[in-house]
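# Chains, contacts and geometry: an overview
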Amino acid sequence: MSFPPDRLLCMRIVVLAGGIGGARFLRGLKSAAPDADITVIGNTGDDIHLFGLKVCPDLDTVMYTLGGGINEEQGWGRADETFQVKGELAAYGVGPEWFGLGDRDFATHIVRTQMLGAGYPLSAVTEALCERWQPGVRLLPMSDDRIETHVAVEVDGERKAVHFQEYWVKLRASVDAQAVVPVGAEQAKPAPGVLEAIGEADVILFPPSNPVVSIGTILAVPGVREAIADAGVPVVGLSPIVGDAPVRGMADKMLAAVGVESTAAAVARHYGSGLLDGWLVDTVDAGTVEDVESAGIRCRAVPLMMTGVEATAAMAREALGLAEEVRA
Ligand code: FO1
């Protein structure tokens, strides 16, 4: 069912987004709903402090992707990047070397850290950075308070917690994650505008971001999950798992840490019918539609490979169409 274009005029859409998958989905959503008012609630659990700077990978991936500055094949960092500063830091023996911060990207972190140091909250900083990039959506951090996802691992018989980026980038998720902890979440508050956006939304979307460390972390901010569950509008998600494997990244490692099997249906059940009204699975998982529907979540099988803006726009239209079906 193609979505009626007239309803898209002033439609308010709220999207919970992590990094690469979320950003790519948003590009398609903008194409499918050019007149909609889109608010993105971005994950900040991946944030890391390096060289005295605050780096916000998921916020930057959304900002660069929608603003036209992203390194397309990587899905993170800037296009046309150079690494002179990184090389000079290494020459001083100043690490870590495993996180590739480029020269252009450094400017974002310097401006952000300078503004934070002057007392601006992360939400104001993000708004200022987006003045330059004009992403065409309102990008809100999930919280202005510090939340950092740490992963409990066992390395050489020693059990320890490492920062998510160390697990993801340095260890390449090569060891099992025993637990995933959004440190600081309990004491955190939603950023200004987050609960308001959810309360005023006509539809809420969960893009194919990591269900544990991206969307799960946003839902861990006190008040967010409840606001979405109580919003009284359709909540529709798109599976990041296709054919029992993550399309990109290592979501299966994170799902295992929270005891969820790596299938499209298991992820839907993990979110639960209290939160999700509709769920899109890929056509290869058409056999699982009945299972998802038996969990009280409307389900459809459509192509979910984000091979380009057109394919992603089609996915967005399907998600908005399913939302209208649920609303009826
Ligand atoms: N991912 C990598 O796999 N290797 C890197 O060196 C790396 C550097 C990096 C620098 C800035 C940034 O915003 C993101 C970066 N990422 C890198 C991606 C990052 O780990 C992920 O995008 C998110 O944290 C997961 O969504």
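A quick note: this is a predicted structure, and the numbers were derived from the prediction, not measured. Within each chain, residues carry numbers counting from 1 in the order of the written sequence. For a predicted model such as this one, the threshold for reporting local features is a pLDDT of at least 70, and the threshold for listing and counting side-chain atom pairs is 80 or more; totals across whole chains, interfaces and linings nevertheless cover every residue. Hydrogen atoms and water are omitted, and side-chain values are computed over all heavy atoms in the structure.

## Considering the site of the ligand
If a single non-hydrogen atom of a residue is within 4 Å of a molecule or strand, that residue counts as near it. Taken together, 15 residues surround the ligand, and among them Asp46, Pro57, Asp58, Gly100 and Gln165 come closest. For this analysis, a polar contact is any N or O atom pair within 3.5 Å, provided that within protein one partner can donate a hydrogen and the other can accept it, and provided that sequence-adjacent residues contribute only side-chain to side-chain pairs. Between the ligand and Asp46 there is a distance of 2.9 Å, counted from an oxygen atom to a side-chain nitrogen or oxygen. Only the protein chains shown count as cover for residues, and all accessible areas are computed by the Shrake-Rupley method using a 1.4 Å probe. Protein burial of the ligand: of its 530 Å² of free accessible surface, 91% is covered by the chains. Only DSSP runs of H or I with at least four residues qualify as helices, and only runs of E with at least two residues qualify as strands; both kinds are numbered from the N terminus onward. Sort the elements by how many residues they give to the shell around the ligand and helix 6 (residues 164-170) lands first, with four residues.

## Topic: the sheet that holds strand 1 (residues 12-17)
Strand pairing is defined by DSSP finding a minimum of two bridges between the two strands. Within the open sheet, the seven strands sit side by side as 5-2-1-9-10-13-14. Their pairing is parallel. Each having just a single partner strand, strand 5 (138-141) and strand 14 (298-301) make up the two edges of the open sheet. In this sheet, neighbouring strand axes are inclined to one another by 20° on average, regardless of whether the strands run parallel or antiparallel. By the bridge criterion, three bridges tie strand 9 (residues 203-206) to strand 10 (residues 235-238) in an arrangement that is parallel. Of the residues in strand 10, the one forming a bridge with Phe206 is Gly237. Between two residues, a contact is recorded if the distance between any of their heavy atoms is within 4.5 Å. Whenever a helix is involved, its axis is fitted only over the stretch in contact; in every case the axis is a line through C-alpha atoms, and angles between N-to-C directions fall within 0 to 180 degrees. Helix 11 (residues 264-271) contacts strand 9 and strand 13 (278-281) of the sheet and is inclined by roughly 160° relative to strand 13.

## Things to note about the packing of aromatic side chains
Note on aromatic pairs: each is described by the distance of the centres and the angle between the planes. When two rings of Phe, Tyr or Trp (its six-membered ring) have centres within 6.5 Å they constitute a pair, described as stacked for plane angles under 30 degrees, edge-to-face for angles over 60, and tilted for the intermediate range. Counted under the stated rule, the structure contains six aromatic pairs. For the ring pair Tyr271 and Trp279, a centre distance of 5.8 Å and an interplane angle of 65° mean the geometry is edge-to-face. Neither Tyr271 nor Trp279 differs from the other in exposure class; each is buried. Through pairs of rings, three or more aromatic residues link up here, namely Phe206, Tyr271 and Trp279. Should the NZ of a Lys or the CZ of an Arg lie within 6 Å of a ring centre and within 35 degrees of the ring normal, that charge is described as sitting over the ring. Positioned above the aromatic ring of Tyr64 is the side chain of Arg78, whose terminal nitrogen or guanidinium carbon lies 5.5 Å from the ring centre. Per-residue accessibility, obtained with a 1.4 Å probe over protein chains only, is compared with the maximum for each type, and a residue is labelled buried under 20%, exposed over 50%, and partly exposed between these values.

## Thoughts on the domain arrangement of the chain
Partitioning the chain into structural domains gives domain 1 (5-144 + 186-327) and domain 2 (148-184). The domain boundaries here were taken from an automatic or database domain assignment. Relative placement of domain 1 and domain 2: their C-alpha centres are 21 Å apart. Across the boundary between the two partners, domain 1 contributes 22 residues, which contact 21 residues of domain 2. A quick way to say it: buried area is the sum, across both parts, of accessible area lost when two parts are put together, with a 1.4 Å probe. A per-residue breakdown of the area domain 1 buries against domain 2 is headed by Trp98, Met250 and Lys253, which together make up 36% of the total. Salt bridge, as applied in this entry: a Lys or Arg side-chain nitrogen positioned within 4 Å of an Asp or Glu carboxyl oxygen. Between the two partners, domain 1 and domain 2, sit one salt bridge. The shortest N-O distance in the salt bridge between Asp176 and Lys253 comes to 3.2 Å. Linking domain 1 to domain 2 there are eight residue pairs in polar contact (both at pLDDT 80 or more). Those elements giving two or more residues to the side of domain 1 that touches domain 2 turn out to be strand 3 (48-50) and helix 10 (251-257). The nonpolar class holds Ala, Val, Leu, Ile, Met, Phe, Trp, Tyr, Cys and Pro. Asp, Glu, Lys and Arg form the charged class, and all remaining residues, Gly among them, are polar. For the side of domain 1 that touches domain 2, the class distribution of residues is twelve nonpolar, six polar and four charged.

## Considerations on the side chain of Asp105
As for its placement among the helices and strands, Asp105 is situated in helix 4 (residues 103-117). Here Asp and Glu are counted as negative and Lys and Arg as positive; His is not counted, and neither are the chain ends. The buried charged residue Asp105 lacks any salt bridge partner; its closest oppositely charged side chain belongs to Arg78, at an N-O distance of 6.6 Å. With residues near it in sequence (within four places) discarded, Asp105 still touches Asp60, Tyr64, Arg78 and Glu81.

## Considerations on helix 2 (residues 57-67)
For helix 2, the buried fraction is high: ten of the eleven residues fall into the buried class. Of all the positions in helix 2, only Pro57, Asp58, Leu59, Asp60, Thr61, Val62, Met63, Tyr64, Thr65 and Leu66 are classed as buried. One or two positions beyond helix 2, positive phi appears at Gly68, with a value near 85°.

## So, the nonpolar core
Buried Ala, Val, Leu, Ile, Met, Phe, Trp, Tyr and Cys residues that are joined via side-chain atoms within 4.5 Å together make up what is termed a nonpolar core. In terms of nonpolar packing, the biggest core is built from 56 residues, with Leu16, Ile204, Phe206, Leu219, Ile228, Met254 and Trp279 touching the most fellow members. If you count residues domain by domain, this core takes at least three from each of domain 1 (5-144 + 186-327) and domain 2 (148-184). Not counting chain neighbours up to four residues away, the residues in contact with Met254 comprise Phe164, Tyr167, Trp168, Ala177, Val180, Asn210, Val212 and Val213. Formed by 43 residues, the second largest nonpolar core is a distinct cluster that contains Leu129, Val137, Leu205 and Leu320.

## Quick word on the sheet that holds strand 6 (residues 148-155)
Pairing between the strands of a sheet is mediated by backbone hydrogen bonds and can be parallel or antiparallel. Pairing in this open sheet of three strands is antiparallel, and the strands run 7-6-8 from one edge to the other. Two strands bound the open sheet, and with one partner strand each, they are strand 7 (158-163) and strand 8 (179-183). Taking each pair of neighbouring strands and ignoring which way they run, the sheet shows an average axis angle of 30°. Pairing analysis gives six bridges linking strand 6 to strand 7, with the strands arranged antiparallel. Paired with Val153 across the strands is Lys160, a residue of strand 7.

## Quick look at the side chain of Gln165
Following the sequence through the fold, Gln165 ends up in helix 6. Setting aside anything within four residues of it in sequence, one finds Gln165 in contact with Asp46, Ile48, Pro57, Trp98, Phe99 and Lys170.

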